[in-house]
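The primary structure of each chain is shown beneath.
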There are 2 protein chains.
Amino acid sequence: MTKVVLLGAGNLGFHFYRQFMQSKDINLIQWYNRSLKKLDFAKNKLAVTNQISQLKTADLYLICVSDDAIETVSENIQSEALIAHCAGGMHLNRLRGSSRRAVFYPLQSFTKERDLSFENLPFCIETSDPNDQPLLKNLAKSLGGDPYLFNSENRALIHMIAVFINNFGNHILHLVSELSKKHNIPFHFFNLLINETYQKAIDIGPENSQTGPAIRQDKKTIDKHLEMLKDQNLKNLYLNLTSSIQKNES
Amino acid sequence: MTKVVLLGAGNLGFHFYRQFMQSKDINLIQWYNRSLKKLDFAKNKLAVTNQISQLKTADLYLICVSDDAIETVSENIQSEALIAHCAGGMHLNRLRGSSRRAVFYPLQSFTKERDLSFENLPFCIETSDPNDQPLLKNLAKSLGGDPYLFNSENRALIHMIAVFINNFGNHILHLVSELSKKHNIPFHFFNLLINETYQKAIDIGPENSQTGPAIRQDKKTIDKHLEMLKDQNLKNLYLNLTSSIQKNES
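A brief look at the structure comes next.

1. A closer look at the relation of the copies chain A and chain B
Least-squares fitting of chain A to chain B yields an RMSD of 0.0 Å, with the transformation described by 0.0 Å of translation along the axis and a rotation of 180 degrees. In short, the pair behaves as if placed about a two-fold rotation axis. Among all residues of chain A, the one whose C-alpha sits closest to the rotation axis is G169 of chain A, at a distance of 3.1 Å. Same-surface contact between copies: 100% of interface residues of chain A are shared with the interface of chain B.

2. Concerning the interface of chain A and chain B
The interface is formed by 89 residues belonging to chain A together with 89 residues belonging to chain B. Between chain A and chain B, a total of about 8600 Å² is buried, with carbon and sulfur atoms accounting for 66% of that surface. Viewed at the interface, chain B and chain A are joined by ten salt bridges. One salt bridge in this structure joins D67 of chain B and R216 of chain A, with 3.8 Å as the shortest N-O distance. At the boundary of chain A with chain B, the tally comes to 37 residue pairs in polar contact (both at pLDDT 80 or more). Secondary-structure elements contributing two or more residues to the side of chain A that touches chain B are α4 (152-182), α5 (191-204), α6 (219-228) and α7 (232-248) of chain A. It is α4 of chain A that contributes the most residues to the side of chain A that touches chain B, 26 residues altogether.

3. Remarks on the nonpolar core
Counting 111 residues, the largest nonpolar core has F190 of chain A together with F190 of chain B as the members making the most contacts within it. Those residues within four positions of F190 of chain A in sequence are excluded, and the remaining contacts are S180 and I185 of chain A together with L107, I158, I161, A162 and I165 of chain B.

4. Here's the deal with α6 of chain A
Within α6 of chain A the residues assigned to the buried category are T221, I222, H225 and L226 of chain A. Here the buried residues of α6 of chain A occupy an arc of 135 degrees about the axis, which is enough to place them on one side. Seen from the buried face of α6 of chain A, the exposed residues on the opposite side, beyond 90 degrees, are K219, K220 and E227 of chain A. Against α7 of chain A together with α4 (152-182) of chain B lie the buried residues of α6 of chain A.

5. Some details on the pairing of strand β1 (residues 2-7) of chain A
Residues and elements named next belong to chain A. By the bridge criterion, six bridges tie β1 to strand β2 (residues 26-32) in an arrangement that is parallel. For L7, the partnering residue across the bridge sits in β2 and is Y32. In this view, the connection linking β1 to its parallel neighbour β2 by way of helix α1 (residues 11-22) has right-handed handedness. Here β1 pairs with strand β4 (residues 60-63) via four bridges, running parallel. For V5, the partnering residue across the bridge sits in β4 and is Y61.

6. Observations concerning the state of the cysteines
Throughout the structure, instances matching the rule amount to zero disulfides over all chains. Cysteine C64 of chain A is unpaired, with the sulfur of C86 of chain A as its nearest cysteine sulfur at 3.8 Å.

7. Some details on the pattern of salt bridges
Counted under the stated rule, the structure contains 26 salt bridges over all chains. A salt bridge links D218 of chain B to R216 of chain B; its shortest N-O distance comes to 3.2 Å. For R216 of chain B, a relative accessible area of 44% corresponds to the partly exposed category. A single network of salt bridges, built from pairs that share partners, joins D67 of chain A together with R216 and D218 of chain B.

8. Regarding the side chain of N233 of chain A
As for its placement among the helices and strands, N233 of chain A is situated in helix α7. Accessibility expressed as a relative area gives 11% for N233 of chain A, which makes it buried. Ignoring anything within four residues of it in the chain, the contact list for N233 of chain A reads L175 of chain A together with S244, K247 and N248 of chain B.

9. A word on the pairing of strand β7 (residues 122-127) of chain A
Residues and elements named next belong to chain A. Among the six residues of β7, six are classified as buried, and the element is accordingly described as predominantly covered. Pairing of strand β6 (residues 101-106) with β7 involves five bridges; the strand directions are antiparallel. Considered in β7, the bridge of F104 is made with I125. With four bridges joining them, β7 and strand β8 (residues 146-149) adopt parallel strand pairing. Note on β8: the bridge partner recorded for P122 is D146. For the crossover from β7 across helix α3 (residues 133-142) to β8, the handedness is right-handed.

10. A few points about the packing of aromatic side chains
One pass over the structure, following the stated rule, counts 33 aromatic pairs over all chains. With a centroid separation of 5.5 Å and 15 degrees between ring planes, the pair formed by F16 of chain B and F118 of chain B is classed as stacked. With F16 of chain B in helix α1 (residues 11-22) and F118 of chain B in the loop between β6 (101-106) and β7 (122-127), the pair connects residues that are 102 residues apart, well separated along the chain. Residue F16 of chain B shares its accessibility class with F118 of chain B, and that shared class is buried. Ring pairing ties together the aromatic residues F16, F20, F104, F110, F118 and F123 of chain A, which thus form one cluster.

Rules and cut-offs
Every chain is numbered on its own, with residues counted from 1 as its sequence reads. Whichever chain is written first becomes A and whichever ligand is written first becomes 1, with later ones labelled in order. Reporting in this predicted model follows two pLDDT cut-offs: at least 70 for local features of residues, and 80 or more for side-chain atom pairs to be given and counted; totals over whole chains, interfaces and linings ignore these cut-offs and use all residues. For side-chain calculations, the full set of non-hydrogen atoms in the structure is used, while hydrogens and water are omitted. The fit set for superposing copies consists of C-alpha atoms from residues with pLDDT of at least 70 in both; the fit itself is least squares. Here, two residues are considered to be in contact whenever any of their heavy atoms come within 4.5 Å of each other. Here the quantity called buried area is the total loss of accessible area, with a 1.4 Å probe, experienced by two parts when brought into contact, counted for both. For this document, the term salt bridge refers to a Lys or Arg side-chain nitrogen within 4 Å of an Asp or Glu carboxyl oxygen. Nitrogen and oxygen atoms within 3.5 Å of one another constitute a polar contact, given that in protein one can donate a hydrogen and the other can accept it, and given that sequence-neighbouring residues count only through two side-chain atoms. Secondary structure follows DSSP: runs of H or I at least 4 residues long count as helices, runs of E at least 2 residues long count as strands, and numbering of each begins at the N terminus. As used here, the term nonpolar core means buried Ala, Val, Leu, Ile, Met, Phe, Trp, Tyr and Cys residues forming a set that is joined through side-chain atoms within 4.5 Å. A 1.4 Å probe rolled over the protein chains alone gives each residue an accessible area, and that area as a share of the maximum for its type sets the label: buried under 20%, exposed over 50%, partly exposed in between. Note: the arc covers the axis-to-C-beta directions of the helix. In short, DSSP must find at least two bridges between two strands for them to pair. Looking down the strands as they point away from you, a crossover is right-handed if its path from the first strand over the helix to the second goes clockwise. Counting rule for disulfides: a pair of cysteine sulfur atoms within 2.5 Å. Two aromatic rings, drawn from Phe, Tyr or Trp (for Trp, its six-membered ring), form a pair once their centres lie within 6.5 Å of each other, and the interplanar angle then sorts them: stacked below 30 degrees, edge-to-face above 60, tilted otherwise.

Take it as geometry only, folks, not as evidence of what the structure does.
Written as structure tokens, this is what we have:
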């Protein structure tokens, strides 16, 4: 059994905690967080601490703190065991402390309140020492995920693509949900369209799914939409995305 | 049973054909299309024609041709029965021919090759004569959908929101799928992230789902991404969407 100390109790740390506690292959021996309060609900189930100096001896220190805190937290870990951070956009070299360094990045958007499975989830793995790959590959597999090796450059690209998909995709939905509510149209109206949009892109590829006024050069409809958009920000986005479709889609 | 003549054999016309043929409440008596070839597969199951002058007598002429052809097709229908077009962005008044005019717009993105259910689908209905509402409401219900009354202005807004969700959402996926493939990262890697992004927005609302470098003012990551983006178009979109998040998300 791999002995793991988990550091951080944000969205990802919380999901790892839940999965590790259920796993037969992983022995989660301690949970660290800057504030003990967040760990209160778990203190009867495993050791918790807010002191990095009191970390137990483990096979892996898994760091799920915010990007900015990774350097400081890692340099205070007094161990020569493997330490790994979980941040898609951070270079392996940002880790301090142990000389055995790694990244263990699950390609997903985690929210505490939502049940999320790790089943078939891609885990992007990088290690400073190739001998440490099996430990992390097995960790990913024992969570039901699929391990893949990526260097920090490719992982940064994957992380940036995730920003487009998740952050920008959600933001567009947010902007139009505001517009919709402003006109007393309940946003759940669009649920089936949202589902079909993304299921279609997954099933037949976004390159085979483009429709609408931009790609068919329907200037009349485009002009009408621009006239309807009173908000300058929405108008700019509409123009940019329309011109991007006309430049890039064939 | 409502006697229906269907006009047009594009994506939507095709889906209506399939649903109507299965329905006990709808008697699809004829299918018109400019080119007979597209109707060839159906000619043993119902009357087909490419001559508007030869349309049969029906309760409803349902027009699913392209936006630009709606006016011409409708003015050639010699009947005082109800005629309806299915275009989200077109005003009711664009119909000619019969004085009983209507719109019957299903809020979905249809593709011939994909099985799509009308179950719980919102249908935006508008009629020039309120007496014609029941016929179209019942038509929507008999397809499993939910009828709603909207005037042309609100329907145009719904259609524009659908453009943001479907056309722009798909285009962003297309742009990053190209980037992904260029770096030999298979795009199916992102399937679970795509699913979770949109399922989360549906479940807890996009206003509660925003994460990422833009909203947390993480200038370091944003600068890194902008440096990674060599394509000027992608860079512009990244900048616009990031600044829109920073302006609009709290």
